[in-house]
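Summary of structural features
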Amino acid sequence: MYLHIGKDKMINRKDIIFILDYKGLKENKIFNDFFENIKKENIKDISENNPKTIVITKEENNIKAYISNISSNTLANR
C-alpha cells in the first residue's frame, strides 16, 4: 500500500518510520540533531514553501526525510 505525501510523491507505507508535525519540531534540539545527521541528499522538500509535516522513511537501508505541505493529521487519515 502506498501513501501520497504531496507533489506527486508516493511512498510505500511499510517504509514509513514516523510522521511528525513540522511546526512542533523546528525548535526541538533532539530532532534538530537527528535531522542534521541525515545526509542532505536524503532530505527532499516537497512542501512548496509551506512545510507542515516531516515524513521519515527507511528506503533501501537509507534514512530519508520528506518535508510535505500536507498536515500530519491528513496523512494519518489516508
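The structure contained in this document is the topic of the report that follows. Predicted model only: the values in this text are computed from it and were never measured.

Turning next to the sheet that holds strand 5 (residues 53-59). Taken together, the four strands give an open sheet; going across it, the order is 3-5-6-4, and neighbouring strands pair in mixed fashion. Unpaired on one side and paired on the other, strand 3 (16-21) and strand 4 (43-45) mark the two borders of the sheet. Strand-to-strand twist in this sheet, taken as the mean axis angle between neighbours without regard to direction, amounts to 15°. Relative to strand 5, strand 3 runs antiparallel, the two sharing five bridges. Bridging from a neighbouring strand, Leu-20 pairs with Ile-54 of strand 5.

Turning to the pattern of salt bridges, a few remarks are in order. Per the stated rule, a full pass over the model turns up four salt bridges. A salt bridge links Lys-40 to Glu-36, with the nearest nitrogen and oxygen atoms 3.7 Å apart. For the pair shown, Lys-40 and Glu-36 are each scored as exposed.

This next bit is on the nonpolar core. Counting residues in hydrophobic clusters, the biggest one holds nine residues: Leu-25, Phe-31, Phe-35, Ile-38, Ile-43, Ile-54, Ile-56, Ala-65 and Ile-67. Put simply, the parts of the chain that give this core at least two residues each are helix 2 (29-37), strand 5 and strand 6 (62-68). If we skip the residues at most four places from it in the chain, Ile-43 touches Phe-35, Ile-38, Ala-65 and Ile-67. Membership of the second largest hydrophobic core comes to eight residues, among which are Ile-11, Ile-46, Tyr-66 and Ile-70.

The subject of this paragraph is the environment of Leu-20. Along the chain, Leu-20 turns up in strand 3. A residue is classified by how much of its surface remains accessible, and Leu-20, at 24% relative accessible area, is partly exposed.

Take Glu-59: it is sitting in strand 5. For Glu-59, a relative accessible area of 15% gives the class buried. Contact partners of Glu-59, with chain neighbours within four places excluded, come to Ile-11, Asp-15, Lys-64 and Tyr-66.

About the thresholds
- Residues numbered from 1 in each chain as written.
- Predicted model: local features only at pLDDT ≥ 70, side-chain atom pairs only at ≥ 80, totals over all residues.
- Heavy atoms only, no water.
- Pairing = 2+ DSSP bridges.
- Helix = DSSP H or I, 4+ residues; strand = E, 2+ residues; numbered from the N terminus.
- Axes fitted to C-alpha atoms, helices over the stretch in contact; angles between N-to-C directions.
- Salt bridge = Lys/Arg side-chain N within 4 Å of Asp/Glu carboxyl O.
- Buried < 20%, exposed > 50% of the residue type's maximum accessible area, 1.4 Å probe, protein only.
- Core = buried A, V, L, I, M, F, W, Y, C linked by side-chain atoms within 4.5 Å.
- Contact = heavy atoms within 4.5 Å.

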